[in-house]
Amino acid sequence: MWIGWIEFDLLLGDVHSLKAKRSVVRPLVAELRRRFELSVAESGHLDLHRRAAVGASAVAADPGHVRDVLDAVERAVAARPEVDLLSARRGLHSSDD
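Quick notes on the rules
Residues numbered from 1 in each chain as written. Predicted model: local features only at pLDDT ≥ 70, side-chain atom pairs only at ≥ 80, totals over all residues. Heavy atoms only, no water. Helix = DSSP H or I, 4+ residues; strand = E, 2+ residues; numbered from the N terminus. Buried < 20%, exposed > 50% of the residue type's maximum accessible area, 1.4 Å probe, protein only. Contact = heavy atoms within 4.5 Å. Areas by Shrake-Rupley, 256 points an atom, 1.4 Å probe, with all protein chains shown as cover. Lys, Arg positive; Asp, Glu negative; His and termini not counted. Charge placed at Lys NZ, Arg CZ, Asp CG, Glu CD. Polar contact = N/O pair within 3.5 Å; in protein donor to acceptor, adjacent residues only side chain to side chain. Axes fitted to C-alpha atoms, helices over the stretch in contact; angles between N-to-C directions. Left-handed = near helix turned anticlockwise from the far one by under 90°. Nonpolar A, V, L, I, M, F, W, Y, C, P; charged D, E, K, R; others polar. Pairing = 2+ DSSP bridges.

A. Fine view of the overall build of the protein chain. Across its full length, the protein chain carries two helices and four strands. C-alpha extents for the protein chain along the principal axes are approximately 45 × 20 × 20 Å. Buried positions account for 38% of the 97 residues belonging to the protein chain. If you take every contact in the protein chain between residues at least 6 apart in sequence, the share linking residues at least 24 apart comes to 71%. Summed over its atoms, the accessible surface of the protein chain is roughly 5700 Å², and 52% of this surface lies on carbon and sulfur atoms. Charge separation in the protein chain, taken as the distance between the mean sites of 14 positive and 15 negative side-chain charges, equals 7 Å.

B. Spotlight on unusual backbone geometry. At E37, a residue that is not glycine, the phi angle is positive and equals roughly 55°. Judged by relative accessible area, which is 71%, E37 ranks as exposed. The backbone phi angle of H45 is positive, close to 55°, even though this residue is not glycine. Residue position: H45 is located in the loop between β2 (39–44) and β3 (51–60). Looking at H45, the relative accessible area reads 29%, which means it is partly exposed.

C. Just the side chain of S94, in detail. Checked against the element boundaries, S94 lands in strand β4 (residues 83–94). Within the local environment of S94, its side chain forms a polar contact with the backbone nitrogen of D96, the two atoms lying 3.1 Å apart. In this view, S94 contacts M1 and W2; residues no more than four positions away in its chain are not counted.

D. Region of the structure containing the packing of helix α1 (residues 18–36) against helix α2 (residues 63–78). Packing of α1 against α2 leaves a shortest axis separation of 11 Å and a crossing angle of 145°. You can see that α1 and α2 cross each other, and the crossing is right-handed. Between α1 and α2, the residues in contact are L28, L32, R35 and F36 and A72, V73, A76 and V77, respectively. When its residues are assigned to classes, the contact of α1 with α2 shows seven nonpolar, no polar and one charged.

E. View of the pairing of β3. Of all the 10 residues making up β3, seven are buried; the element is thus mostly covered by neighbouring parts of the structure. Strand direction decides the pairing type here: strand β1 (residues 2–12) and β3, joined by 10 bridges, are antiparallel. Within the sheet, the bridge partner assigned to G4 lies in β3 and is A58. Alignment of β2 against β3, held across five bridges, turns out to be antiparallel.

F. Summary view of the environment of R89. Along the polypeptide, R89 turns up in strand β4. Expressed as a C-alpha distance, the spacing of R89 and E7, which sit 82 residues apart in the sequence, is 5.3 Å. Among residues more than four places away in sequence, those in contact with R89 are W5, I6 and E7.

So this is what it looks like as structure tokens:
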């Protein structure tokens, strides 16, 4: 079994409150969950209104499939016009690790 994770550091566009931040981050998290069938959550910068950290994880029998899914997720986040992708960190682990 292979477990892959990715965490995005995002700069949000025209956001001036935590309420406005939620209106950007919640749809992003929901889309990633629905489109890629992943576990996704806002994972950091919870008290900052123009920054967000969003993490996602995937499990599969093949490490290549996990990499492909994480690559597609990264492309989807980078393509969102309301966020700037500052960085993406990822990891890949086997259940034998």
